[in-house]
Amino acid sequence: MGVTVDVTFKSLNKYSEILCGDTVECLKTEDSDVIILADGMGKEAGGRIAAKTVIRVFKEIFGTYNMSDHPSYFFRKAFQTANREILKPLVEGRGMAAVSAVMIQGGFLFYGIVGNVKIAVFRNEELIPLGTGHTVDVLAQDRYVEGVLTREDALSMLQEKRIYNYLGRDGFKEIQFYDKPIRLQEEDVVAIFSNGMQESVTWKEMEDCLSQKKRCRRMAFDLVELVNQKNASVVLIKVGEMA
């Protein structure tokens, strides 16, 4: 089954900082679309270089492997290769990147997450998050459930949103994948939000904006207009007619 998609990306560099690290790439074959949002972080140009390294690696691997047969292998290969590339010495200073990538193929959504770039699907007036990401508060909840942390220790960490897993990290291992591919429906909107967007705009505000059912370009613009004092990026992917 084929599906048409409308992809829009909007980024806001609030204070005209020339080294904003958010980078987006859309890759396409006859039967699939891959969209990557890399949120680069680091001193000087390090974050921007890290984000662009991620995009370069995804493009190289996308052109080499038939990812449609094994999406999880493609994601794992791309994330792990990008991590090694970022860790190579850089004159400008080493950066890091939080990255989310989605693939839409045959009416299904596949995804991989490293860090705190959020993926969600807007359907029936509700914005449904996919995955939890890699922040300390989420880690604390998981460790409490596993019995590693006491309730008191876990509660003390729930307000800590610091990222603990990212590309450009020695010992990087964890990639959050889909459990099962998500069957998309016509009129669904797949959204990818950078950390700056999540920190500046509430989930309810995002839902209210997407409920307007405007063109993706207009909704993306409206979302970044809500951002205050942060660099932020959003990718909106509207699912069209399925054949």
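Starting afresh in each chain, residues are numbered from 1 along the sequence in its written order. Only residues with pLDDT of at least 70 get local features here, since the model is predicted, and only at 80 or more are side-chain atom pairs given and counted; chain-wide, interface and lining totals rely on the full set of residues. With hydrogens and water excluded, all non-hydrogen atoms of the structure serve as input to the side-chain values.

Chemist: I'm lost on the overall build of the protein in this one. Help?
Modeler: A tally of regular secondary structure across the protein gives seven helices and eleven strands. Should any heavy atoms of two residues lie within 4.5 Å, those residues are counted as being in contact. Taking the intrachain contacts of the protein between residues at least 6 apart in sequence as the baseline, contacts between residues at least 24 apart amount to 71%. If you sum the accessible surface of the protein, you get close to 12,300 Å²; carbon and sulfur atoms cover 48% of it. Only DSSP runs of H or I reaching four residues or more are called helices, and only runs of E reaching two or more are called strands; each is numbered from the N terminus. Method for areas: the Shrake-Rupley scheme with a 1.4 Å probe, in which residue coverage is limited to the protein chains shown.

Chemist: Would you take a moment to explain the pattern of salt bridges for this structure?
Modeler: Here a salt bridge means any side-chain nitrogen of Lys or Arg lying within 4 Å of a carboxyl oxygen belonging to Asp or Glu. Under the definition given, this model contains ten salt bridges. With its nearest N and O atoms 3.3 Å apart, the salt bridge here joins R56 to E60. Note that R56 and E60 are positioned in helix 1 (residues 46-64) at a spacing of four residues, about one turn of the helix. Burial here depends on accessible area, computed with a 1.4 Å probe over protein chains only, as a share of the maximum for the residue type. Under 20% is buried, over 50% is exposed, and the range in between is partly exposed. Classification of E60 by relative accessible area gives partly exposed; the value is 44%. Shared partners join several salt bridges into a network, and the residues in it are R56, E60, E85 and K88.

Chemist: Teacher, can you tell me more about the pairing of strand 4 (residues 96-105) here?
Modeler: Side chains on a regular strand alternate between the two faces of the sheet. The element strand 4 is largely enclosed, with a buried count of nine among its ten residues. Two elements, strand 3 (residues 32-41) and strand 4, share ten bridges in a ladder whose sense is antiparallel. The residue of strand 4 that forms the bridge with I36 is A101. Here, a strand pair is defined by DSSP locating no fewer than two bridges between the strands. Where strand 4 and strand 5 (residues 108-114) come together, seven bridges link them in antiparallel fashion. Looking across to strand 5, one finds that S100 is bridged to I113.

Chemist: Please explain the packing of aromatic side chains as it appears in this structure.
Modeler: Given two aromatic rings, their pairing is described by the distance between the two centres and the angle made by the two planes. Classification of ring pairs rests on two measures: the distance between centres of Phe, Tyr or Trp rings, Trp counted by its six-membered ring, which must be within 6.5 Å, and the angle between planes, read as stacked under 30 degrees, edge-to-face over 60 and tilted in between. This structure, assessed with the given rule, holds seven aromatic pairs. Ring geometry for F58 against F79: centres 5.5 Å apart, planes inclined by 85°, an arrangement best described as edge-to-face. Note that F58 is positioned in helix 1 and F79 in helix 2 (residues 71-86), a separation of 21 residues in sequence. When its relative accessible area of 0% is taken as the criterion, F79 is described as buried. Centre to centre, the rings of F193 and W203 are 6.1 Å apart; their planes meet at 70°, and the pair counts as edge-to-face. Taken together, the residues span a long stretch of sequence, with F193 in strand 10 (residues 189-193) and W203 in helix 6 (residues 203-210) at a distance of ten residues.

Chemist: Can you walk me through the nonpolar core in this structure?
Modeler: Nonpolar side chains in soluble globular proteins tend to be buried together. Within this scheme, the nonpolar core is defined by two criteria: the residues are buried Ala, Val, Leu, Ile, Met, Phe, Trp, Tyr or Cys, and they are joined through side-chain atoms within 4.5 Å. Counting 50 residues, the largest nonpolar core has I36, V54, F58, F75, F79 and L167 as the members making the most contacts within it. For this core, the element with the most residues is helix 1, which contributes eight residues. Sequence-distant contacts of V54, that is, excluding residues within four places in its chain, are made with I36, A38, A82, I86, A97, V99 and L167. Counting 20 residues, the second-largest nonpolar core is a separate cluster that includes F122, A191, V224 and V227.

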